[in-house]
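Architecture and fold: a report
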Amino acid sequence: QERVMLVEGLIRRLPEYGGVKELLNNNSSIVCNSIQEEALALAAAYKRKKQKIVIVKNNLYAAQRLYESLEGLVPQEESLFFPVDESFRMEALAASPELLTQRVYVLNKILEEDSFILITHTAAMVRILPDVKLFKDNRVHLKVGDQISMDELVQKLGNLRYSRVNKIEHSLQFALRGGVIDVFSVNNEDPVRIEFFGDEIDSIRYFDLDSQRTIKQIKDVRIISATDLIINDEIYEDKELLQDNIE
């Protein structure tokens with residue numbers, strides 16, 4: 001508690017610091033002597049004027065260090081981290097599921113929040129990402145009473161790139177048994193259990209991953225894409241056109 005009060009007092013005084021003024025004036029770059037100084041400057045500027053701030057570091061390691069330094073200075077839900085694997089070979093063979101989960105979470109979060117600090121790095125800036133409309137179109141909103149068959153929902157989850165398993169162990173997975181579909185979308189803190197009565201959604205509830213017990217009954221749920229690499233027909237056509245031009 002004493003440390004928190006000390007940090008809060010320091011942040012309140014920092015707006016007079018030059019780096020903070022530069023950030024408040026939307027200057028594209030500032031100079032700091034350490035990661036800790038940079039984190040404090042960002043937190044001070046953000047507390048003075050909440051807005052969308054994007055910081056691009058040279059590499060994944062530097063970005064992660066800055067993101068971790070913001071812990072306790074900025075509310076957790078307003079401090080975002082967008083990482084990608086920096087080795088193209090590694091990404092092609094075995095992309096990190098943890099980094100994928102983080103990216104999908106952030107892409108959805110920036111659509112919902114009016115202010116945040118987003119920390120990323122140069123490799124992420126050159127990554128091909130879906131446009132806003134395409135990402136929004138690849139979300140499913142389900143409500144109790146909706147008319148949808150289990151087979152149709154299973155197909156939708158497959159199209160969203162969810163992995164089908166016997167029992168959910170982590171996010172980006174779904175499981176099917178009897179008249180129930182369990183799915184864990186990263187925009188929800190807990191997985192959801194969707195029960196069907198014929199081709200109608202009878203109930204939706206959050207449940208505990210370990211005990212499998214119900215946490216809370218809900219009326220509706222939004223399920224977002226399980227990947228940040230979303231391809232539509234237009235992108236396929238562009239790819240074919242590019243290949244024709246190369247040939």
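Placed above this text is the structure.
Below you will find a few notes about this structure. Worth saying up front: this structure is predicted, and the values here are computed from it rather than measured. (Residues numbered from 1 in each chain as written. Predicted model: local features only at pLDDT ≥ 70, side-chain atom pairs only at ≥ 80, totals over all residues. Heavy atoms only, no water.)

We now examine the overall build of the protein chain. When its secondary structure is counted, the protein chain shows 10 helices and 11 strands. Taking all 247 residues of the protein chain together, the buried fraction comes to 42%. Expressed as a percentage of contacts within the protein chain between residues at least 6 apart in sequence, the contacts between residues at least 24 apart total 61%. (Helix = DSSP H or I, 4+ residues; strand = E, 2+ residues; numbered from the N terminus. Buried < 20%, exposed > 50% of the residue type's maximum accessible area, 1.4 Å probe, protein only. Contact = heavy atoms within 4.5 Å.)

Here the focus is the sheet that holds strand 7 (residues 180-184). Taken together, 6 strands build an open sheet; the order of strands is 5-6-7-8-9-10 and the sheet is mixed. Strands at the two margins of the open sheet, each flanked by one partner only, are strand 5 (163-165) and strand 10 (214-218). Shown here is a sheet whose adjacent strand axes are inclined to one another by a mean of 25°, direction ignored. In terms of strand pairing, strand 8 (residues 192-197) meets strand 9 (residues 200-207) through 6 bridges, oriented antiparallel. (Pairing = 2+ DSSP bridges. Axes fitted to C-alpha atoms, helices over the stretch in contact; angles between N-to-C directions.)

This part takes up the pattern of salt bridges. Summed over all chains, the structure comprises 10 salt bridges. Across the pair D182 and R177 runs a salt bridge, and its minimum N-O distance is 3.0 Å. Assessed through its relative accessible area of 45%, R177 is described here as partly exposed. Across the pair R193 and D182 runs a salt bridge, and its minimum N-O distance is 2.8 Å. In this pair, R193 sits in strand 8 while D182 sits in strand 7, placing the two residues 11 residues apart along the sequence. The pair R193 / D182 is uniform in exposure class, with both members buried. Through salt bridges with shared partners, a single ionic network connects R103, R127 and D228. (Salt bridge = Lys/Arg side-chain N within 4 Å of Asp/Glu carboxyl O.)

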